[in-house]
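# Geometric and topological summary
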Amino acid sequence: MSSIKSKHFINDISDYFEYDEDSLVLKLVKEIDYENINFNLTYYIDENKNLNIDSIDQLCQKEFPFIQSPSSKVLEQIFLRNKIAKELIINSVVQRKSESLKFEKNNEDHKIAINIAKSVVHDLNKFIYKNKINHSVANILLANVEGDINFYGKIDLLLKSNDNWFLCIFKFSKSPYEDKYKYEAQLQKRLIESNSDIKNVKVFIFNPLADIVIKELKLQK
């Protein structure tokens, strides 16, 4: 575990689960010891080693179902574009070796995704400079099974300055889904605050396709 994660008791469960692209579920890949803080998760794992609680994406889809159903082919193309763009952004954060992020594209096959990711990395660099960011935590997996609702979610990026924590959520849509974004952000914020000593997280949406590219979301406490 990285020093920043251990210092703030961030309970990242990435080592225990992998996402199965075919079945769209988390699969247990490392046994959880009885003494481990995450042992309660074993009560939600079935005989196929699948974690049987909702993801944040599933909860968002239940709360905000598609009003119109685009063709599966169109959806697949959008999901692939978004997946590649997000991976490129996260990779730039993970590979960060200086104050600024360096954008590195892995291939030229997905030019739209590359251009989107490059734009977000540019905006992230401005954000990092403006807010005097000194630590980053990317791509962590958190779960909550001790509240009124059981769920898990992937946190793309947490940034830390001397005084504040910032949750960065990446979106790539021209449509204004602010209520859905707030719902998703509230769930992510809840995961963070129940799996660490981090409180009062500020939440920002990064969306290069929106009128306001970097927008802070005001959430209920």
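Definitions and cut-offs
Residue numbering note: each chain is counted from 1, following its sequence as written. Where totals are concerned, whole chains, interfaces and linings use all residues; where local detail is concerned, this predicted model gives features only for residues with pLDDT of at least 70, and gives and counts side-chain atom pairs only at 80 or more. Values shown for side chains rest on all heavy atoms present in the structure; no hydrogens or waters enter the calculation. Going along the chain from the N terminus, every DSSP run of H or I of four or more residues is numbered as a helix, and every run of E of two or more is numbered as a strand. It is over C-alpha atoms that the radius of gyration is taken, and the globule rule equals 2.2 Å times the number of residues to the power 0.38. Relative accessibility under 20% of the residue-type maximum defines a buried residue, over 50% an exposed one, and the middle range a partly exposed one, all with a 1.4 Å probe and only protein chains included. Any pair of residues with heavy atoms lying within 4.5 Å of one another is described as a contacting pair. Methods summary: accessible areas were calculated by the Shrake-Rupley approach with a probe of 1.4 Å, and residue burial reflects only the protein chains presented. Just so you know, the count uses Lys and Arg for positive and Asp and Glu for negative, and it drops His and the chain ends. We put the charge of a Lys on NZ, of an Arg on CZ, of an Asp on CG and of a Glu on CD. Here a pair means two rings of Phe, Tyr or Trp (six-membered ring of Trp) with centres within 6.5 Å. Their orientation is stacked below 30 degrees between planes, edge-to-face above 60, and tilted elsewhere. Two thresholds decide whether a charge sits over a ring: the Lys NZ or Arg CZ must be within 6 Å of the ring centre and within 35 degrees of the ring normal. When a carboxyl oxygen of Asp or Glu is within 4 Å of a side-chain nitrogen of Lys or Arg, the pair counts as a salt bridge.

## Details of the overall build of the chain
Within the chain, the secondary structure is distributed over five helices and eight strands. For the chain, the succession of helices and strands along the chain, N to C, is α-β-β-β-α-α-α-β-β-β-α-β-β. Against the globule reference of 17 Å for 221 residues, the chain gives a C-alpha radius of gyration of 18 Å, in line with a compact fold. Its C-alpha atoms put the chain at 45 × 45 × 35 Å along the principal axes. Within the chain, buried positions represent 42% of all 221 residues. Within the chain, counting contacts between residues at least 6 apart in sequence, those at least 24 apart form 62% of the total. Of the roughly 13,400 Å² of accessible surface on the chain, 48% is carried by carbon and sulfur atoms. Seen as two clouds, the 32 positive and the 32 negative side-chain charges of the chain have centres 8 Å apart.

## Considering the packing of aromatic side chains
Under the defined criterion, the tally for this structure stands at nine aromatic pairs. Seen from their ring centres, Phe39 and Tyr43 are 6.0 Å apart, and the 85° between their planes marks the pair as edge-to-face. Overall, Tyr43 belongs to the exposed group, its relative accessible area being 64%. Taken together, Phe127, Phe166, Phe170, Phe204 and Phe206 form an aromatic cluster joined through their ring pairs. Taking NZ or CZ as reference, Lys30 lies 5.1 Å from the ring centre of Tyr16, over its face.

## A short note on the pattern of salt bridges
Under the criterion given, the structure shown has 12 salt bridges. Here Lys86 makes a salt bridge to Asp156, at a shortest N to O gap of 3.2 Å. Remark: Asp156 occurs in strand 5 (residues 151–160) and Lys86 occurs in helix 3 (residues 72–94); sequence separation between them is 70 residues. A salt bridge links Lys171 to Glu184, with the nearest nitrogen and oxygen atoms 2.6 Å apart. With Lys171 in the loop between strand 6 (165–170) and helix 5 (178–194) and Glu184 in helix 5, this pair connects stretches of sequence that are 13 residues apart. Take Lys171 and Glu184: they sit in the same class, and that class is buried. What emerges from the salt-bridge pattern is a single network uniting Glu178, Lys182 and Lys215.

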